[in-house]
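If you want the building blocks of each chain, they are given just below.
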Amino acid sequence: MESRKQFLKKIGSAAATLGAGVLFSPLKAREITEDLKQFTGSASDIAQNEDYWARVQQAFTVDRSLINLNNGGVSPSPDFVQAAMKKHLDFSNQAPVYNMWRILEPRREGVRQRIARNFGVDAEEIALTRNASESLQICQFGFDLKAGDEVLTTDQDYPRMINTFLQRERREGIKLNQISIPVPAEDDKEIVRLIEEAITPNTKLILMCHVVNLTGQILPVKKVVQMARKKGIPVIVDGAHAYAHFDFKHEDLDCDYYTSSLHKWLFAPHGTGLLYVRKNKIKDLWPLMAAAEAQDEDIRKFEEIGTHPAANYLAIGEALTFHEGIGSKRKEARLKYLNDLWIDEIVDGDKVVLHTSRDPKYACGIATVEIKGLEPGELNSALWNEHRIITTPIVHDQFKGIRITPNVYTTHEEIARFTSAMKQQINKV
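Owing to the predicted nature of the structure, the values given are computational and were not obtained by experimental measurement.

Examining the environment of Thr129
Looking at where Thr129 falls in the secondary structure, it is placed in strand E2 (residues 126-129). A relative accessible area of 1% places Thr129 in the buried class. Along the chain, Thr129 and Ile305 lie 176 residues apart, while their C-alpha atoms are 9.2 Å from each other. Discounting residues that sit within four places of it in the chain, Thr129 has contacts with Glu134, Ser135, Ile138, Gly271, Thr272, Gly273, Leu274, Leu275 and Tyr313. At a separation of 3.3 Å, a polar atom in the side chain of Thr129 contacts the main-chain carbonyl oxygen of Asn131.

This is the structure in structure tokens:
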């Protein structure tokens, strides 16, 4: 048995500092990433290579006694992301005021730089937040508005964000205007036209989704942003369901304000998000919680929330390494492929109606489907009670159905079981 002295000598400086990251880089993450590099072929080819995805699936600790097709709400993290967060948290708890604040907290800067590089922006334009809702509310509350000013969005935007503007409406006398958009929407010019026609002389702010959470609809952000910019109207982009879901960079959007949750498609720890604000726009956007005047032009003013864990944010790095190891294009192709498997089998446009575009320009890993004559809640309950399949019931004035969001850990066999279960429900109607 090795002595304590031999053990300490073996781990060397890592034991002394726990700061170089040696004990915070689980080998499994690198092993899987290296294994994935051995597979060649186009994104479309890889999307159908079950050997490739079997290796990806091994990174997760998901419960295989059920089928989780609601990854749009929050995704599980790979085990090495969980391990990294736990190790950071354990280290923090040894002496929080020193270990967490003085050793771990400064390392957020490395994560900030990596996220910025992945998104294609300056690190001084990225704030790390707790989720898309926090990032969005920083923007929604951060603009000075007065009674009579109008804000514009759609009736398909996220309810919490609509309620944010409704509260400002009650409290400050602003006006919220909402428009309807087609379902599905496959004409960029039509979307831009609908938004532009709803703009009035009092419109001061626009909120739009990059991906609509209800249907997975991808909207033409860049075209709307550039139209609104000509009119001097800022556009806040809700990218909660977009970042790390499919392949894009900031240059594809050209927006000044972008938000996302990292615990969805990036597989980062639960309670992590990002806020992008173009550098020359930071000064004029108020933070949600007060920050010193000296921070007016510092992106970090949006991170002033009081005591918070460093562990969650540092483990984003492991999630990003995993995401980049898979590759955005491969992930996008796989998610689309998984949805196409069941859509091809059951959607007929008559008894079974898809409320999501099949054009990869307008949708990816999220799809909403309706069985005519069966309420979404009933279908959702039947799938769970009879088959242990998790979906999301969706009810909107324009459409209804269940939302299906597979993930990279979802197997071909699980999609086949879902398809079979849906056919059983269709036959009951």
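Next comes the rest of the account.
Comments concerning the sheet that holds strand E4 (residues 175-179)
By definition, the strands of a sheet pair up through backbone hydrogen bonds, in either a parallel or an antiparallel sense. Reading across from one edge, E2-E8-E7-E6-E5-E3-E4 is the order of the seven strands in this open sheet, with mixed pairing throughout. Lying at the two open borders of the sheet, with one neighbouring strand each, are E2 and E4. The sheet shows a mean angle of 20 degrees between the axes of neighbouring strands, taken without regard to direction. Sheet topology places strand E7 (residues 257-261) next to strand E8 (residues 273-277); five bridges connect them, and they run antiparallel. Across the sheet, the residue bridging to Ser260 is Leu274, located in E8. Contacting E2, E7 and E8, helix H7 (residues 108-119) crosses the sheet at an angle of about 120 degrees to E2.

A few points about the packing of aromatic side chains
The tally for this structure, following the rule as stated, stands at 15 aromatic pairs. Look at Tyr52 and Trp53: their rings are 4.8 Å apart centre to centre, the planes differ by 75 degrees, and that puts the pair in the edge-to-face class. Through a chain of ring-to-ring contacts, three or more aromatic side chains come together here, namely Phe119, Tyr243, Phe246, Phe248, Tyr258 and Tyr276. A cation sits over an aromatic face here: Arg388 above Trp384, 4.3 Å from the ring centre.

A short note on the packing of helix H8 (residues 132-142) against helix H9 (residues 159-172)
Two numbers describe how H8 lies on H9: the axes approach to 10 Å, and their chain directions differ by 25 degrees. If you check the angle between H8 and H9, you find them roughly parallel. Read as a crossing pair, H8 and H9 show a hand that is right-handed. Between H8 and H9, the residues in contact are Ser133, Leu136, Gln137, Gln140 and Phe141 and Arg160, Met161, Thr164, Phe165, Gln167 and Arg168, respectively. The residue makeup of the contact of H8 with H9, split by class, is four nonpolar, five polar and two charged.

Digging into the environment of Asp51
One can find Asp51 in helix H4 (residues 50-57). Between the alpha carbons of Asp51 and Ile299 there is a distance of 42 Å; along the sequence they are 248 residues apart.

A short note on the confidence of the model for the protein chain
A low pLDDT score tells you not to read the predicted coordinates there in detail. Confidence in the prediction for the protein chain averages 93 pLDDT; 93% of positions are at 70 or higher. In the predicted structure, residues 4-26 sits below a pLDDT of 50 and forms 28 contacts with residues beyond four places in sequence or in another chain.

Thoughts on unusual backbone geometry
Residue Pro184 follows Val183 across a cis peptide bond; omega there is -10 degrees. Inspection of the secondary structure puts Pro184 in the loop between E4 and helix H10 (188-198). Even without glycine at this site, Phe267 takes up a positive phi of about 70 degrees. Examined against the element boundaries, Phe267 turns out to sit in the loop between E7 and E8. Overall, the relative accessible area of 0% leaves Phe267 in the buried class. Of note in this structure, Arg388 is not a glycine but carries a positive phi near 55 degrees.

The rules behind the values
Residue indices begin from 1 for each chain and proceed along its sequence in written order. Since the coordinates come from a predicted model, pLDDT governs what is reported: local features require at least 70, and pairs of side-chain atoms require 80 or more to be given and counted, while whole-chain, interface and lining totals use all residues. Heavy atoms throughout the structure, all of them, feed into the side-chain values; hydrogens and water do not. To qualify as a helix, a DSSP run of H or I must reach at least 4 residues; to qualify as a strand, a run of E must reach at least 2; elements of each kind are numbered from the N terminus. Remark: exposure states derive from per-residue accessible area (1.4 Å probe, protein chains only) relative to the maximum for the residue type, with buried under 20%, exposed over 50%, and partly exposed in between. The criterion used for residue contact is that any of the two residues' heavy atoms lie within 4.5 Å. Within 3.5 Å is the distance limit for a polar contact, defined as a pair of N or O atoms, with the added protein rule that one can donate a hydrogen and the other accept it, and that residues adjacent in sequence qualify only through two side-chain atoms. Each pair of strands is called paired provided DSSP finds at least two bridges between the two strands. For every element, the axis is a line fit to its C-alpha atoms; helices are fit only across the contacting stretch, and the angle between N-to-C directions ranges from 0 to 180 degrees. Centre distance within 6.5 Å is the pairing criterion for rings of Phe, Tyr and Trp, where only the six-membered ring of Trp is used; planes under 30 degrees apart are then read as stacked, over 60 as edge-to-face, and the remainder as tilted. Here, a charge over a ring means that NZ of Lys or CZ of Arg falls within 6 Å of the ring centre while also lying within 35 degrees of the ring normal. When an angle is under 35 degrees it counts as roughly parallel; over 145 it counts as roughly antiparallel; between 65 and 115 it counts as roughly perpendicular; any other value is oblique. Take the far helix as your reference; a near helix turned counterclockwise from it by less than a right angle gives a left-handed crossing, and one turned clockwise gives a right-handed crossing. For this classification, Asp, Glu, Lys and Arg are treated as charged, while Ala, Val, Leu, Ile, Met, Phe, Trp, Tyr, Cys and Pro are nonpolar and the rest, including Gly, are polar. Along the chain, pLDDT gives the predictor's confidence residue by residue, from 0 to 100.

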